[in-house]
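Notes for the structure review
Listed here are the chains, written in short residue letters.
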Amino acid sequence: MNAYWQCLSGIVLREWLRFVMQRTRFLSALVRPLLWLLVFAAGFRAALGIAIIEPYDTYIPYEVYIIPGLACMILLFNGMQGSLSMVYDREMGSMRVLLTSPLPRTFLLLCKLLATSLISLLQVYAFLGVAWVYGVQPPAAGLLLALPALLLVALMLSALGLLLSNAIRQLENFAGVMNFVIFPLFFMSSALYPLWKMREASEWLYWLCAINPFSHAVELVRFALYERFNPTALAVCAILTVVFAGLAVLTFNPQHAAVRKAS
Amino acid sequence: MSALQVSDLSFAYGAREVLRGVSFSLAPSRFAALLGPNGAGKSTLIALLTRLYDLQKGEVHMGEHSLRQSPRPALRQMGVVFQQSTLDLDLSVEQNLRYHAALHGLARREVSERVALELDRQGLTERRRERVRALNGGHRRRVEIARALLHQPRLLLLDEASVGLDPASRLALNAHVRNLCRDQGISVLWATHLLDEVHPDDDLLILHQGRLVASGQAGDVSAEHDGGLDAAFRHLTTNGASR
């Protein structure tokens, strides 16, 4: 058991050290949601009126509405970038070091997912800190309650990223997948606009958004941030995390990538 | 008992067969050179030995452990240095080593001791806190060797470890690994395509188009061909002759 613990803590520590050493990566991860918050939201607030919707008790400014979506956006990009680094690692070699560990491969991959998820949480809370200073201030207890919700979402998106990376032949193909995964997931969700607004525009778009896992992720975090519980979102995220992680581990095989590349 | 026993190993990328019935064994404390032109199948063989790829046909034993049936104890017997550097460039030398120790589940109390010992052996103690990015190619390879030896394996695999080094660093690295082999009783499988890295008393394996076309002591293989190892290698890898 101790060997497993040493391994997990070693993988988490490595991700932490890489995070600390690569400050530009951290800053660029923060810039994206901050641009949305400080520029996009400022321009968009006049165009979009938010009715009183759960979990909010009153009318809210647009900046308050998009905070959970932007927090999840960080997790979405990090989850996908984590997979990008796995494709890179698989091609360039550092994944090979991980896989020469005598511990089970499933355990190693789950450790890697957990480690990248924990690092993503640091970025989310840094963003929430800046948003707090800017004036978007969810209740303190909500910030604490959002932690497990954010971790679950981070794990779900990292597992999805790993699953996608298993299907990618080589690094160059990843950009296309990003466009076909990140943007649809993000824009067809409740991150930027409530779904009833989408329903006004199009019924089928509304349903696409409603079944989008990312919508459930955003709502889970939104409710937790305001000290409310959303059992449907929790169930969807928990089930999908298990499914994505299970499939990602089952389909992970560097040999398949090599065979695809060679053929 | 052999440090490494490979029996009838075959492997294909889809329809393309890259290893065909490869069998050899490596005795304890021996330096074996695995020689072959680019594309001979050396890296695929290393990928199979390190369990990066699953065995399709054939068996691999490391000491008494079968890689297929008991991969965990088998992998514990083995240290590996890959062709491309697998170090984290932004982490320090010591952080890279500690990460590897964690992957092998080594207890924290013994890690410091082993890290200090291996860094001392590789002459890197002074540079333990430096980022790997600041080291030259030869020193980076030494860090990778220190890392590969951290869990005290009985077998060390090096896949074209000298690629990218200048001639002096390349030969120094080769001599260094030979010393490890002699002083610590480790068996070494040194994959290369450079003939000057092979000594007459080494065990020699020549791989060509996925087949083992020669195996034996390097001096003996050379003696069978006029012109030494160079001629032997050219003959065996041009005509695909087998022995």
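All of these numbers come straight from a predicted model, not from anything done at the bench.

The rules behind each value
Residues numbered from 1 in each chain as written. Chains lettered and ligands numbered in written order. Predicted model: local features only at pLDDT ≥ 70, side-chain atom pairs only at ≥ 80, totals over all residues. Helix = DSSP H or I, 4+ residues; strand = E, 2+ residues; numbered from the N terminus. Rg over C-alpha atoms; globule rule 2.2 N^0.38 Å. Buried ≥ 20, exposed ≤ 12 C-beta atoms within 10 Å, placed from the backbone. Contact = placed C-beta atoms within 7 Å. Nonpolar A, V, L, I, M, F, W, Y, C, P; charged D, E, K, R; others polar. Core = buried A, V, L, I, M, F, W, Y, C linked by C-beta atoms within 7 Å. Pairing = 2+ DSSP bridges. Axes fitted to C-alpha atoms, helices over the stretch in contact; angles between N-to-C directions.

1. Comments concerning the overall build of chain B
For chain B, the count of helices and strands is eight helices and 10 strands. In terms of overall dimensions, chain B is globule-like: its C-alpha atoms have a radius of gyration of 18 Å, near the 18 Å expected for 243 residues. Considering chain B as a whole, with its 243 residues, one finds that 48% of them fall into the buried category. Sequence-distant contacts, at least 24 apart, represent 65% of the contacts inside chain B between residues at least 6 apart.

2. A closer look at the interface of chain A and chain B
With 30 residues of chain A at the contact, the number on the chain B side is 28 residues. Going through the elements one at a time, α1 (2–21), α4 (94–99) and α12 (254–262) of chain A are the ones with two or more residues in the side of chain A that touches chain B. For the side of chain A that touches chain B, the element with the highest residue contribution is α1 of chain A, accounting for 12 residues. Taken together, the residues of the side of chain A that touches chain B sort by class into 16 nonpolar, 11 polar and three charged.

3. Focus on the environment of Leu143 of chain A
Residues and elements named next belong to chain A. Examined against the element boundaries, Leu143 turns out to sit in helix α6 (residues 140–166). Leu143 sits in the partly exposed class, given 18 other C-beta atoms within 10 Å. Residues Leu143 and Phe44 lie 99 residues apart in sequence; the distance between their C-alpha atoms is 25 Å.

4. Side note on the nonpolar core
Of all hydrophobic cores here, the largest spans 149 residues; its most connected members are Ala71, Cys72, Val153, Met156, Ala159 and Val221 of chain A together with Trp190 of chain B. By residue number, the principal contributor to this core is helix α3 (residues 62–92) of chain A, which donates 16 residues.

5. Digging into the sheet that holds strand β6 (residues 78–81) of chain B
Strands pair in a sheet through their backbones, by hydrogen bonds, and they do so in one of two ways: parallel or antiparallel. Residues and elements named next belong to chain B. If you trace the six strands from one edge of the open sheet to the other, you get β6-β7-β8-β3-β9-β10, paired in mixed fashion. Two strands close off the open sheet at either side, each with one partner strand: β6 and β10 (211–217). When the angles between neighbouring strand axes are averaged without regard to direction, this sheet yields 15 degrees. Inspection of the sheet shows strand β3 (residues 31–35) paired to strand β9 (residues 203–208) by four bridges, in the parallel sense. Paired with Leu34 across the two strands is Leu205, which belongs to β9. Running at roughly 145 degrees to strand β7 (residues 155–159), helix α1 (residues 42–49) makes contact with β3, β7, β8 (187–192) and β9 of the sheet.

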